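Chains, contacts and geometry: an overview
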Amino acid sequence: MTHIAVLVEHTSGDVRQSTLEALTLARSLGDPVGIWIGEEPSSDACHELGRYGASEVRHVPAPDQSTYTAELMAQAVIAAMGEASVLLAISTFATKEVLAYVAHRTGAGIVVDAASAAWDEGKIVTTQTVFSATWNVRTAIQTPLAIVAVRPNTTQAQASPEPAGAALVPVECEFTQPHTTVLSRTSVKQQGIPLAEAPIVVSGGRGTEGDFSLVEQLAQVLGGAVGATRDATDEGWIAHEHMVGQTGTTVTPALYVACGLSGAVHHRGGMQASGTIVAINTDPDAPIFEIADFGVVGDLREVIPATIAHLQGR
Amino acid sequence: MHVVVCVKFVPDLQSQRSFTNERVTRVADDGSMNELDENAVEAALTMVEAHGGEVTALTVGGTDAVAAVRKAMQLGAHHAVHVSDDAIAGSDVRGTARVLAAAVTTLQQERHVDVVVTGMTALDGMTSLLPTMLAAELEWPALTLASDVELESERATIVRHLPDVHEEITAPLPAVISVTDALNTPRYPNFQMIMAARKVEVTTWSLADIGVDSARVGRDAAGTRVLEAQIRPPQENREIIHDTGDGGQRLAEFLKTRGFA
């Protein structure tokens, strides 16, 4: 069966949830093999990848920190993917750069931010949205190697009925001298689930008037991550990492709850492809209501506490 | 120094438009320079204001794409190049990068290019692939998603804030730098600048002018092909209620019905 290479995202040695989604999708296309760049994966991590169908985990030791950039990551991916006919990864800014280098080196056709990928008459066909998620597009990749970056939460992760071996295969990579040097790298501590991967996102905007506590409480009750508009992060009401929108994080959760935000085009572009959209806003003409499945015209200071009370009261 | 800023013409996201023959068709005035490219133009202008030199705005696309470089000139770009050729139609990102790289190389022959600046993404497709692909094509360093840029003695050093990591990255010039909207606040063109921009001639190049084989770009050379594009149907079955005291309860019930609580 044809090999589907999956670029594994991992944090502190743990496999990220989004990679399990990618493996689930990969199983529908062929035989998944994981590509692990960095410190050698633990047996637990390999076992986890095997549970989701990876027959191999191809491990490439990372180059040193100062040169650990997209350019060299791409060299590692190319060394590890071998004869795979599809390279699957999760769409993030960092991964898209890696894939751009891989596409350039291999001549492969590339689609990013895809919601799905399937074989159709011998070609990989993807679906994705463009123009701030107002259009749906289907694209066929024309090249023998297809590169696809999928958005988190677009496939529901399901363990394979038959776990695969996940054999650890060391891969050697001769890295070339990179064009750039990393002077410093600081990890950002993210509380809870990363925003881009969260299945539920509760966001606040101007309507919070600077107080995000209710938004945070609702996120906690629903088990979601906290998002914000550009206005809110610019005002310093909440850290920049929470910004949802075209220049912040693009999210596609199963549920998006928009609290006190109007839904400007820049914000909608970062969340419009979400599964279910709920909006709370005092202005009945707010554009967010045009894309909401359920909207409450009202003050979030009254609606959110009442919602929480009813959710907890059951 | 000589800074080239790549700008893209994008359709107005608020207006009606359609895909036909796998391309976007537009009516006149139904589009403009990609908004995030304003930050790239601003960055380029700031560089030459600090270090001396000139800015060349570069775009690739059909006849209407000239509006993008015109906008860049209104903002203060000194020169403008528009690469336009029927054979470019249907190019994927690699084809576009190939054309832009060839245009930069052609500009180099006349005058050394120190930096190519781009926006972080174009608001139509939002793939963010082009800056990296362009750097790979030129075999130059890619310094992407910069929210701070320092140029000093033939080097560029940027700061970038990704969702999970903050990085400071440096590279020798020439380099491709993509900038975010956090880097600067774009200036507004005043009346004099708009009038002055009208008088500047835009250089138009065909593929032959920049030495690109037309077989290597366009639809037939593209690694991807759009099969179908449809406007997403408007949200149906919307339920919008006015809170008369029971808004929270009804929202909670909706969430339970949908299985979220």
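If you're wondering where the values come from, they're calculated on a predicted model, not measured in any experiment.

Here we take up the sheet that holds strand 10 (residues 135-141) of chain A. Overall, antiparallel pairing links the four strands, which are arranged 8(A)-9(A)-10(A)-15(B) in an open sheet. Each edge of the sheet is formed by a strand with only one pairing partner; in this case those strands are strand 8 (116-120) of chain A together with strand 15 (224-231) of chain B. Strand-to-strand twist of the sheet, defined as the mean angle between neighbouring strand axes without regard to direction, takes the value 25°. Note that strand 10 of chain A and strand 15 of chain B share seven bridges and pair antiparallel. The residue of strand 15 of chain B that forms the bridge with V137 of chain A is A229 of chain B.

It is common to give the size of an interface as the accessible area lost on bringing the parts into contact. With 76 residues of chain B in contact, the opposing surface of chain A contributes 79 residues. For the pairing of chain B and chain A, the buried interface totals around 6900 Å² over both sides, and the portion due to carbon and sulfur atoms is 61%. Area buried by chain B at its contact with chain A is led by R232, L251 and F260 of chain B, which between them contribute 10% of it. Counting across the interface, chain B meets chain A through four salt bridges. The partner of E167 of chain B in a salt bridge is R185 of chain A, and the shortest N-O contact between them spans 2.7 Å. There are 30 residue pairs in polar contact (both at pLDDT 80 or more) connecting chain B and chain A. Here strand 18 (residues 294-297) of chain A pairs with strand 16 (residues 239-242) of chain B via four bridges, running parallel. Pairing of V296 of chain A across the sheet is with I241 of chain B, part of strand 16 of chain B.

Moving on to the environment of R225 of chain B. Relative to the helices and strands, R225 of chain B resides in strand 15. With 19 residues separating them along the chain, R225 of chain B and S206 of chain B place their C-alpha atoms 23 Å apart.

A few words now on the sheet that holds strand 6 (residues 54-60) of chain B. Residue and element names in this part refer to chain B. In space, the seven strands of this open sheet follow the order 9-13-8-1-6-7-14, with parallel pairing throughout. Where the open sheet ends on each side, the last strands, each with one partner, are strand 9 (142-146) and strand 14 (202-205). Mean inter-strand twist for the sheet, computed between neighbouring axes without regard to direction, equals 20°. One ladder, built from four bridges, connects strand 7 (residues 79-83) with strand 14; its direction is parallel. What sits directly across from V81, in strand 14, is T203.

Summed over all chains, the structure comprises 22 salt bridges over all chains. Residues R187 of chain B and E49 of chain B are paired through a salt bridge, measuring 2.8 Å at the closest nitrogen-oxygen approach. Of this pair, R187 of chain B sits in the loop between strand 13 (175-179) and helix 5 (191-199) while E49 of chain B sits in helix 1 (residues 37-51), placing them 138 residues apart in sequence. Residue class for R187 of chain B comes out partly exposed when judged on its relative accessible area of 26%. One salt-bridge network, held together by shared partners, links E97 and R185 of chain A together with R160 and E167 of chain B.

Moving on, we come to unusual backbone geometry. All names here are of chain B. Following L173, the chain continues into P174 via a peptide bond in cis, with omega recorded as 0°. You can see P174 is positioned in the loop between strand 12 (165-172) and strand 13. One non-glycine residue, L145, adopts positive backbone phi at about 60°. Examined against the element boundaries, L145 turns out to sit in strand 9. Residue L145 is classed as buried on the basis of its relative accessible area of 7%. Phi at S153 is positive, roughly 35°, even though this residue is not glycine. Its place among the elements puts S153 in the loop between strand 10 (148-152) and strand 11 (155-161). Among the residues examined, S153 registers a relative accessible area of 65% and is labelled exposed.

Reading the values: the criteria
- Residues numbered from 1 in each chain as written.
- Chains lettered and ligands numbered in written order.
- Predicted model: local features only at pLDDT ≥ 70, side-chain atom pairs only at ≥ 80, totals over all residues.
- Heavy atoms only, no water.
- Pairing = 2+ DSSP bridges.
- Helix = DSSP H or I, 4+ residues; strand = E, 2+ residues; numbered from the N terminus.
- Axes fitted to C-alpha atoms, helices over the stretch in contact; angles between N-to-C directions.
- Contact = heavy atoms within 4.5 Å.
- Buried area = accessible area lost by both parts, 1.4 Å probe.
- Salt bridge = Lys/Arg side-chain N within 4 Å of Asp/Glu carboxyl O.
- Polar contact = N/O pair within 3.5 Å; in protein donor to acceptor, adjacent residues only side chain to side chain.
- Buried < 20%, exposed > 50% of the residue type's maximum accessible area, 1.4 Å probe, protein only.

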